[in-house]
Amino acid sequence: MTATVIDGKAVAASLRGRIETETAKLKAQTGLTPGLATVLVGKDPASEVYVRNKRKTAEALGFNSIHIELPENTSQDELVGKVKALSADKSVHGILVQLPLPKHLNENAVLDALDPAKDVDALTPTNAGLLLSGRAHLVSCTPAGVMLLLKEYVGDIAGKEALVIGRSLLFGKPAAQLLLAANATVTMAHSRSKDLPGLARRADILVAAIGKPEFVKADWIKPGAVVIDVGINRVPAGDGKHKLVGDVAYEEAAQVAGAITPVPGGVGAMTIICLMQNTLIAACA
Ligand code: GUN
């Protein structure tokens, strides 16, 4: 058996169409243009690529794109000051501070300066708490994207066993909450969990967000399971070049799974468009 390939690009394109329509409607009815501010501190090459792609998508949708680039040695006060100024700026509806920040900066202090109504990554305690309470307004982009893929390819997930490997604030924790809200039976695993392969083999929905290239093997996967690969790992391709691989050994896993997301073209394709959706939601609020 070979798994159905979950086409993140196609689902993202369809969401993009809906965002274009809604943005045009918002502009026509209120004169408002959604504004997204991106903040990048330092020169991490992966972060530079991510932020560039977010800005490009915002611009292509006709959003106002405001970009603040700060040097690696930016002080805590300086960064907090910038985030406070963006929080107060009426033309800015969404603010994204690209993570990780350089080591000397305190992420929590930066998030505390961010107006939760503009927190399009849903990283502030307010938005994390609203999600936990079943009252989410803005939902973290990658977990929201995963739920859209499951809706499209699985439908109702009530009663299904879901395993999330990885417990980050940006992905694992909100993903587990969303799966729970959709009535899945959710297990969270992480680097200290015992017998990951055994936990994985129970899962009807296996979500890997570990950050280790091709860590999840075919014999971890329950036959017919839906495998969602959140990893984006840059590895040598053998010819001096690099390629992107996920956290799942894709080729062998596709022989066992019922459906699987490729890397690239799976989950990653959804994240940016969900960020644009959050910016639009924030602009409409
Ligand atoms: N770093 C990696 N992914 C993300 C993301 O979705 N948002 C932010 N702010 N930083 C990230």
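Here the structure is shown first, and the text comes after it.
Residues numbered from 1 in each chain as written. Predicted model: local features only at pLDDT ≥ 70, side-chain atom pairs only at ≥ 80, totals over all residues. Heavy atoms only, no water.

### Concerning the sheet that holds strand β7 (residues 205-208)
- Spatially, β1-β11-β8-β7-β5-β6 is the arrangement adopted by the six strands of the open sheet, whose pairing is parallel. Two strands bound the open sheet, and with one partner strand each, they are β1 (4-5) and β6 (185-189).
- Across four bridges, β7 lies against strand β8 (residues 226-229) in parallel orientation. Bridge assignment links Val-207 to a residue of β8, and that residue is Ile-228. (Pairing = 2+ DSSP bridges. Helix = DSSP H or I, 4+ residues; strand = E, 2+ residues; numbered from the N terminus.)

### Quick word on the layout of surface pockets
- When its volume is computed, the second largest pocket comes out at roughly 170 Å³.
- Taken together, His-137, Val-139, Ala-144, Met-147, Leu-148, Leu-178, Cys-274, Gln-277, Asn-278 and Ile-281 make up the lining of the second largest pocket.
- Those elements that place two or more of their residues in the lining of the second largest pocket are α6 (141-153) and α10 (268-284).
- No other element matches the four residues that α10 contributes to the lining of the second largest pocket. (1 Å grid on protein atoms, 1.4 Å probe; cavity = no way out; pocket = protein on both sides within 12 Å on 5 of 7 lines; lining within 4 Å. Points joined across faces, edges and corners; volume = space filled by probe spheres on them.)

### A word on the packing of aromatic side chains
- Per the counting criterion, the structure on display carries one aromatic pair.
- Arranged with centres 5.6 Å apart and planes meeting at 70°, the rings of Phe-215 and Trp-220 form a pair that is edge-to-face.
- Relative accessible area serves as the criterion here: at 9%, Trp-220 is assigned to the buried category. (Phe/Tyr/Trp six-rings, centres within 6.5 Å; stacked < 30°, edge-to-face > 60°. Buried < 20%, exposed > 50% of the residue type's maximum accessible area, 1.4 Å probe, protein only.)

### Some details on the nonpolar core
- Formed by 44 residues in total, the largest nonpolar core has its most connected members in Ile-19, Leu-150, Leu-179, Val-207, Ile-228 and Met-276.
- Broken down by secondary-structure element, the contributors of at least two residues to this core are α1 (8-30), α6, β5 (161-165), α7 (172-181), β7, β8 and α10.
- Residues contacting Leu-150, with those up to four places away along its chain left out, are Gly-155, Leu-179, Ile-205, Val-226 and Ile-228. (Core = buried A, V, L, I, M, F, W, Y, C linked by side-chain atoms within 4.5 Å. Contact = heavy atoms within 4.5 Å.)

### Remarks on the site of the ligand
- Close to the ligand lie Lys-54, Leu-96, Val-97, Gln-98, Leu-99, Asp-121 and Leu-170, which account for all nearby residues.
- Taken by itself the ligand offers 280 Å² of open surface, and the protein chains cover 81% of this.
- Considered class by class, the residues forming the shell around the ligand number four nonpolar, one polar and two charged. (Near = heavy atom within 4 Å. Areas by Shrake-Rupley, 256 points an atom, 1.4 Å probe, with all protein chains shown as cover. Nonpolar A, V, L, I, M, F, W, Y, C, P; charged D, E, K, R; others polar.)

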